[in-house]
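Secondary and tertiary structure notes
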Amino acid sequence: MDAHTHLFEADHLKSRTMSVDLQSDSSLQVEISDAVSERDKVKFTVHTKTNLAYFKQPEFSVVRQHEEFIWLHDAYLENEDYAGIIIPPAPPKPNFDASREKLQKLGEGDGSMTREEFAKMKQELESEYLAIFKKTVAMHEVFLQRLAAHPVLRKDHNFYVFLEYDQDLSVRGKNKKEILGGFLKNIVKSADEALITGISGIKEVDEFFEHERTFLIEYHNRVKDATMKADRKTRSHKNVAEDFIPISSALSSLGSMDTSPLSKNLLKLAELFEKLRKLEGRVASDEDLKLSDLLRYYMRDSQAAKDLLYRRARSLSDYENSNKALDRARMKNKEVKQAEAGQQMSCQRFEKLSESAKQELTDFKVRRVSAFRKNMIEMTELELKHAKANLLLLRNCLSSLREEQ
């Protein structure tokens, strides 16, 4: 894959995927200005412009790897001060194995393809590889921009270190034991949530949060299902584009061998299928960009919102337990002051978390609706554009064929 590494080094990734309007505040602007793909990692150049006094310089760049993004995400999750905030979902790990495997299999082909078919198929796979790379970069950039746009998260010390410290952060990837530990932690969290909302009988007293909990469970499941269906739809368009390659090649070969008047028509049909292949590929790319990526992102973002509701439910449970502990202390007339202090602390934490969570969930709705409206309008415009181009190709081809009669 050395050739592809060189291609990515030359590409400055100005074309982005899913559009996210996050950089409205010019006091802290963050972007990934460049990225280089190597065999087992991607190096992201994170460029920052700012007029905030926290930073030593107004403009600077650092090189970061995926593991450092995960470290930053985990640092936010583990900080109790951010329990009432929706933590932006961590960017997905760069994974080019599927595309590399396809290219490898193509290179080890059985010779059933013509040279022209091989060149076109290779071009398709290289484009797919590059698209995955750009999407990976964009997801890492969106993560940083969400943090930079948040009035609280942007002030975190670890975020400053990530953006400005120009040395390696010495962050390693998680080993198998740590991955298993994270998996078990999620299982414990799910069981704890079920206990809080079910067996323990803790009732939600705020209608807003009860509505949000019901909505987010349903919403997350539906977006997850829609993501899988959108991926299948995109894959179907890609398959159609790939199927046009042997059809175009066969028609071109027949037209070149045949000396009858029909040969010109065959060559024109071969040209038509080649143009349709490129058009179908653009349709697949645009649907992947405007629909699949959007759904996939909000599937993960809605999970982050659900995690916020879990943290609030856990805080409510702690508050109720502290009330019970205070009642027991008063009955026994032992350690009453200590129990009162614990009850007051739990109450303040719960109220603070609830206030922050309500604002976060309101902002989440506004952000979600705006993103879907923007992307659906753009996708509809692109679908109409491609449909008109498809119709024009067919009309021109029919006119050309009639002229040959």
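Comments concerning the overall build of the protein
Secondary structure assignment for the protein yields nine helices and three strands. Listing every helix and strand of the protein by position from the N terminus yields α-β-β-β-α-α-α-α-α-α-α-α. Counting over 405 residues, the protein shows a buried share of 42%.

Things to note about helix α2 (residues 66–77)
For α2, spanning twelve residues, the distance from its first C-alpha to its last is 17 Å, which sits close to the expected 16 Å at 1.5 Å a residue. Counted residue by residue, α2 has nine buried out of twelve residues, so it is predominantly covered. Residues His66, Glu68, Phe69, Ile70, Leu72, His73, Asp74, Ala75 and Tyr76 constitute the buried set of α2. Each element contacted by the buried residues of α2 is listed here: β1 (28–37), β2 (42–50), β3 (59–64), α4 (115–149) and α5 (157–164).

Considering unusual backbone geometry
Even without a glycine there, the phi angle at Asn333 is positive, about 60 degrees. By secondary structure assignment, the location of Asn333 is in the loop between α8 (262–332) and α9 (336–404). By relative accessible area, Asn333 is classed as exposed at 63%. Of note in this structure, Glu335 is not a glycine but carries a positive phi near 50 degrees. Residue classification places Glu335 among the exposed residues on the basis of a relative accessible area of 61%.

Let's talk about the sheet that holds β3
Paired through backbone hydrogen bonds, the strands of a sheet run either parallel or antiparallel to each other. Taken in spatial order, the three strands of this open sheet run β1-β2-β3, and their pairing is antiparallel. What marks the edges here is a single partner per strand, and that holds for β1 and β3. Pairwise comparison of adjacent strand axes, ignoring direction, gives a mean angle of 20 degrees for this sheet. When β1 meets β2, the two strands line up antiparallel, connected through nine bridges. Considered in β2, the bridge of Asp34 is made with Thr45. Set on the sheet, α2 makes contact with β1, β2 and β3; between it and β2 the angle comes to about 55 degrees.

Observations concerning the nonpolar core
When a protein is soluble and globular, its nonpolar side chains tend to lie buried together. Ranked by internal contacts, the top residues of the largest apolar core, which has 29 residues, are Val46, Leu144, Phe159 and Leu163. Those elements giving two or more residues to this core turn out to be β1, β2, β3, α2, α4 and α5. Sequence-distant contacts of Phe159, defined by excluding residues within four places in its chain, comprise Leu28, Leu72, Tyr76, Leu144, Leu147, Ala148, Leu153 and Arg154. Residues Val142, Tyr219, Met299 and Ala371 belong to the second largest nonpolar core, which totals 26 residues.

Here we look at the pairing of β1
Among the ten residues in β1, seven count as buried, and that is most of the element. A loop of four residues connects β1 with β2, the two strands running antiparallel in sequence.

Let's talk about the side chain of Thr234
By the element assignment, Thr234 lies in helix α7 (residues 207–257). Look at Thr234 and you get buried, because its relative accessible area is 3%. Ignoring sequence-local partners within four residues, the contact set of Thr234 consists of Ala284, Glu287, Asp288 and Ser292.

Some words on the pattern of salt bridges
One pass over the full model with this rule turns up 19 salt bridges. Between Asp206 and Lys358 there is a salt bridge, and its shortest N-O distance comes to 3.5 Å. Remark: Lys358 occurs in helix α9 and Asp206 occurs in the loop between α6 (176–199) and α7; sequence separation between them is 152 residues. Residue classification places Asp206 among the partly exposed residues on the basis of a relative accessible area of 22%. Accessibility expressed as a relative area gives 35% for Lys358, which makes it partly exposed. The partner of Arg277 in a salt bridge is Glu274, with the nearest N and O atoms 2.6 Å apart. Residue Arg277 and its partner Glu274 are located together in helix α8, separated by three residues, close to a single helical turn. Here the two residues Arg277 and Glu274 agree in accessibility, since each one is buried.

Description of the packing of α7 against α8
It is at 7 Å that the axes of α7 and α8 come closest, and there the two elements cross at 165 degrees. Between α7 and α8, the crossing angle belongs to the class labelled roughly antiparallel. Viewed along their axes, α7 and α8 form a crossing whose handedness is left-handed. Looking at the contact of α7 with α8 residue by residue, the class counts come to 27 nonpolar, 13 polar and 14 charged.

Parameters and conventions
Going along each chain's sequence as written, the residues are numbered from 1 onward. Local features in a predicted model are, by the rule used here, given only for residues with pLDDT of at least 70; side-chain atom pairs are given and counted only at 80 or more, and totals for whole chains, interfaces and linings are based on all residues. Heavy atoms throughout the structure, all of them, feed into the side-chain values; hydrogens and water do not. Note on conventions: DSSP H or I runs of at least 4 residues are helices, E runs of at least 2 residues are strands, and numbering of each starts at the N terminus. Only protein chains enter the area calculation, which uses a 1.4 Å probe; residues under 20% of their type maximum are buried, those over 50% are exposed, and those in between are partly exposed. The span you would expect from a helix comes to 1.5 Å times its residue count less one. Throughout, a residue-residue contact means that at least one pair of heavy atoms, one from each residue, lies within 4.5 Å. Only strands that DSSP links by at least two bridges are regarded as paired with each other. Axis definition: a line fitted to C-alpha atoms, over the contacting stretch in the case of helices. Angles run 0 to 180 degrees between N-to-C directions. Residues grouped as a nonpolar core are buried Ala, Val, Leu, Ile, Met, Phe, Trp, Tyr and Cys residues, joined through side-chain atoms within 4.5 Å. The salt bridge definition used is simple: a Lys or Arg side-chain nitrogen within 4 Å of an Asp or Glu carboxyl oxygen. Any angle that is under 35 degrees is reported as roughly parallel, and any over 145 degrees as roughly antiparallel; angles of 65 to 115 degrees are reported as roughly perpendicular and all others as oblique. In this scheme the handedness of a crossing depends on how the near helix is turned from the far one: anticlockwise by less than a right angle means left-handed, clockwise means right-handed. Ten residues, namely Ala, Val, Leu, Ile, Met, Phe, Trp, Tyr, Cys and Pro, are considered nonpolar, four, namely Asp, Glu, Lys and Arg, are considered charged, and the remaining ones, Gly among them, are considered polar.

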